[in-house]
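# Overview (structure and organization)
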Amino acid sequence: MADMNDIQSFIQPYLVPEGSAELNKNLEAMAASFAVTDDKIREIIKGFHASMKAGLERDDKDALPMIPTYVCGRPTGKETGTFLALDLGGTNLRVCQVTLNGDTTYSLVQQKFTITQEAKESRLWDFIAECVGVFLEEHDLHPPTGRRSIPCGYTFSFPIFQTSIASGNLSMWNKGFTVPNSVARDVVNLTQSAFQRHHVPVEVVAILNDTVGTLMTSGYSHPDTQMGIIFGTGTNAAYWEKLENIPKWVGEDRSGEMVVNLEWGAFDNATKVLPYTPHDNKLNRKSPNHGLQVYEKMISGLFLGEVARNAVLALVDQRLVFNGRSSDIFNKSYTFDTAYMSEIVSDETPDLSVVQTVLESTLDIPLTTLLDRKVVKNVCNMIGTRGVRLSAAAMSAVLLARPELLTNTVSVGIDGSMYQFYPNFERDLYTVSRVFLGEDFVDNRLKLHLAKDGSGVGAAIVAMTVDRDREHHA
Ligand code: GLC
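Counting starts from 1 at the beginning of each chain's written sequence and moves along it residue by residue. With pLDDT at 70 or above as the cut-off, local features in this predicted model cover only qualifying residues; side-chain atom pairs require 80 or more to be listed or tallied, and sums for whole chains, interfaces and linings still use all residues. Hydrogen atoms and water are omitted, and side-chain values are computed over all heavy atoms in the structure.

## Digging into the site of the ligand
Let me state the cut-off plainly: Any residue with a heavy atom positioned within 4 Å of a molecule or strand is treated as near that molecule or strand. The definition of a polar contact used here is a pair of N or O atoms within 3.5 Å, where within protein one atom must be able to donate a hydrogen and the other to accept one, and adjacent residues in sequence count solely through side-chain atom pairs. Accessibility throughout is a Shrake-Rupley quantity obtained with a 1.4 Å probe, and a residue counts as covered only by protein chains that appear here. Secondary structure elements follow DSSP: runs of H or I of four or more residues count as helices, runs of E of two or more count as strands, with numbering from the N terminus. Here the term charged refers only to Asp, Glu, Lys and Arg, the term nonpolar to Ala, Val, Leu, Ile, Met, Phe, Trp, Tyr, Cys and Pro, and the term polar to all other amino acids, Gly among them.
Near the ligand you find 15 residues, and of these N174, N209, D210, E263 and E296 are the closest. Separating an oxygen atom of the ligand from a backbone N or O atom of T235 is a distance of 3.3 Å. For the ligand, an oxygen atom lies 2.4 Å from a polar atom in the side chain of E296. In isolation the ligand exposes 310 Å². Once the protein is present, 98% of that is buried. Those elements that provide at least two residues to the shell around the ligand are α6 (210-221) and β10 (235-242). Broken down by class, the residue content of the shell around the ligand amounts to 3 nonpolar, 8 polar and 4 charged.

## Comments concerning the UniProt feature "domain: Hexokinase C-terminal" (unreviewed entry) in the protein
Our working definition: UniProt positions are given in the numbering used here, feature names are shortened, and annotations may be inferred rather than shown by experiment.
The UniProt record marks residues 226-464 with the feature "domain: Hexokinase C-terminal" (unreviewed entry), using the residue numbering of this structure. Here residues 226-464 is 49% helix and 13% strand, with 21 Å between the C-alpha atoms at its ends.

## Let's talk about the pattern of salt bridges
What counts is decided by this rule: Salt bridge criterion: a side-chain nitrogen from Lys or Arg within 4 Å of a carboxyl oxygen from Asp or Glu. Between buried and exposed lies partly exposed: a residue is buried under 20% and exposed over 50% of the maximum accessible area for its type, with that area taken using a 1.4 Å probe on protein chains only.
Taken as a whole and judged by the stated rule, the model has 23 salt bridges. The partner of D60 in a salt bridge is R58, with the nearest N and O atoms 3.3 Å apart. We classify D60 as partly exposed; its relative accessible area is 27%. Between D443 and R434 there is a salt bridge whose closest N-O contact spans 2.7 Å. Linked by salt bridges that have partners in common, K53, E57, R58 and D60 make up one network.

## So, the packing of helix α2 (residues 21-34) against helix α13 (residues 370-400)
This is how it is decided: Only C-alpha atoms enter the line fits that serve as axes; for helices the fit covers just the stretch in contact. Angles between N-to-C directions range over 0 to 180 degrees. Each angle gets one of four labels, with under 35 degrees taken as roughly parallel, over 145 as roughly antiparallel, 65 to 115 as roughly perpendicular, and the rest as oblique. Here a crossing is taken to be left-handed if its near helix is turned anticlockwise relative to the far helix by less than a right angle, and right-handed if that turn runs clockwise. Should any heavy atoms of two residues lie within 4.5 Å, those residues are counted as being in contact.
Running from amino to carboxyl end, α2 crosses α13 at an angle of 15°, the nearest separation of the two axes being 9 Å. For the element pair α2 / α13, the angle class is roughly parallel. Crossing of α2 over α13 shows right-handed handedness. Contacts between α2 and α13 involve L23, L27, M30, A31 and F34 on the former and, on the latter, L371, V375, V379, M382, I383 and R386.

## Some points on the packing of helix α7 (residues 278-286) against helix α9 (residues 301-317)
At their nearest, the axes of α7 and α9 sit 9 Å apart, and the two run at 120° to each other. When the axis of α7 is compared with that of α9, the two are oblique. Judged by the twist between their axes, the crossing of α7 over α9 is right-handed. Contacts between α7 and α9 involve H279, D280, K282 and L283 on the former and, on the latter, F303, E306, V307, N310, A311 and A314. Taken together, the residues that form the contact of α7 with α9 break down as 5 nonpolar, 2 polar and 3 charged.

## Focus: the side chain of E79
Mapped onto the secondary structure, E79 falls in the loop between β1 (67-68) and β2 (80-88). Within polar-contact distance, the side chain of E79 engages the backbone nitrogen of T76 at 2.9 Å. At 2.9 Å, the side chain of E79 forms a polar contact with the backbone nitrogen of G77. In contact with E79, other than residues within four places in its own chain, are R74, L100, N101, G102, Y220 and M464.

Here is the structure:
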């Protein structure tokens with residue numbers, strides 16, 4: 001097995017012997033800049049622990065946000081009922097009707113709406129209300145007898161500082177959203193007002209992050225779930241923490257536990273630990289939230305393709321690939337979708353014909369040589385490998401923060417496009433984590449599960465608990 005502390009292990013696989021010395025010199029420097037050695041991961045884990053601890057003590061812009069979520073009860077798997085759930089992700093809005101069967105299984109009817117650019121930039125709240133209105137109409141849904149509105153769980157995949165289970169102020173937008181007049185305001189209020197404007201009879205009874213939804217969904221089927229992760233358009237995680245370990249929690253009850261939303265995409269915003277390349281810096285400078293979410297920008301689906309595009313363009317500019325020519329499409333930001341990277345890195349055809357189709361037909365690059373295609377594949381691999389190694393670093397750091405859990409089996413619920421579609425992502429997560437979490441634990445007790453549609457189902461589970469408690473107290 002390659003020694004992942006030896007920088008050569010990160011360079012040799014990406015050199016192209018048939019290429020020029022100049023090309024190889026550049027590939028070598030590029031591969032070294034994207035390398036994340038085992039020692040680097042140890043440093044990242046140490047940084048994570050310090051930042052988690054600081055974030056649990058106080059709200060500090062240089063620490064991880066570590067947001068208390070007001071979710072305190074683990075699902076039992078016995079929950080039953082049908083609930084409405086909204087899931088606002090980075091790419092889609094899903095409106096779902098979730099049925100919990102009470103035997104650790106669930107089913108759902110859902111409608112997916114692609115979030116329009118206009119909605120991302122301005123009329124998001126009205127867009128949400130319109131989509132929910134369409135769903136209610138198409139499925140002929142009405143408030144239950146004796147009630148004026150349909151209770152609903154709301155998964156909101158952006159950082160909000162919660163003030164209760166059903167309210168929270170937006171800390172900032174990310175993943176390309178820039179809706180004005182929203183930061184520092186209660187997003188439940190903003191959504192609820194739009195429901196009123198559009199006469200949509202729905203009441204949000206719980207709001208939660210998508211990682212919390214993933215954690216709850218996985219917990220519904222696997223009671224030993226300790227963590228929920230999204231590796232998708234963005235990346236983040238939530239985990240169970242003892243209330244006594246959350247000094248900044250102001251509630252009276254300090255026994256028991258609560259789900260904490262890490263917002264780990266914000267790790268290292270102070271830029272002390274991560275290996276930044278010029279290609280990351282270029283992306284970061286041009287992004288609407290530059291200097292923020294820097295970890296996410298090295299890991300998640302929205303950004304990996306853009307980092308790769310920047311890196312390939314640097315080679316184009318030196319006339320080392322495509323004979324120095326690009327295309328109008330490839331010159332535009334965010335045109336190299338991370339899904340293309342997935343296709344490229346899994347192309348095993350002798351003449352790299354899949355890479356050729358992506359480059360020439362989709363991206364309109366004039367004639368590519370086999371050498372060009374190999375170079376592009378290698379660049380994608382460097383960046384994909386860095387992404388999965390950083391993903392494993394973050395997961396390992398959180399699990400190592402609760403070492404007492406690691407003597408038992410631990411399930412981790414995961415959802416998102418990187419986890420589902422990036423080639424070998426899950427296998428590589430296991431392989432990299434073995435080094436830091438130990439072979440015995442990873443091989444025998446760590447279980448990574450796809451929590452499919454986890455954010456929607458989790459919203460229904462939390463909404464159900466809240467609604468049940470409200471009925472009890474009514
Ligand atoms: C971004 C958001 C976070 C969300 C993640 C995955 O990092 O800040 O709240 O969980 O994307 O969707």
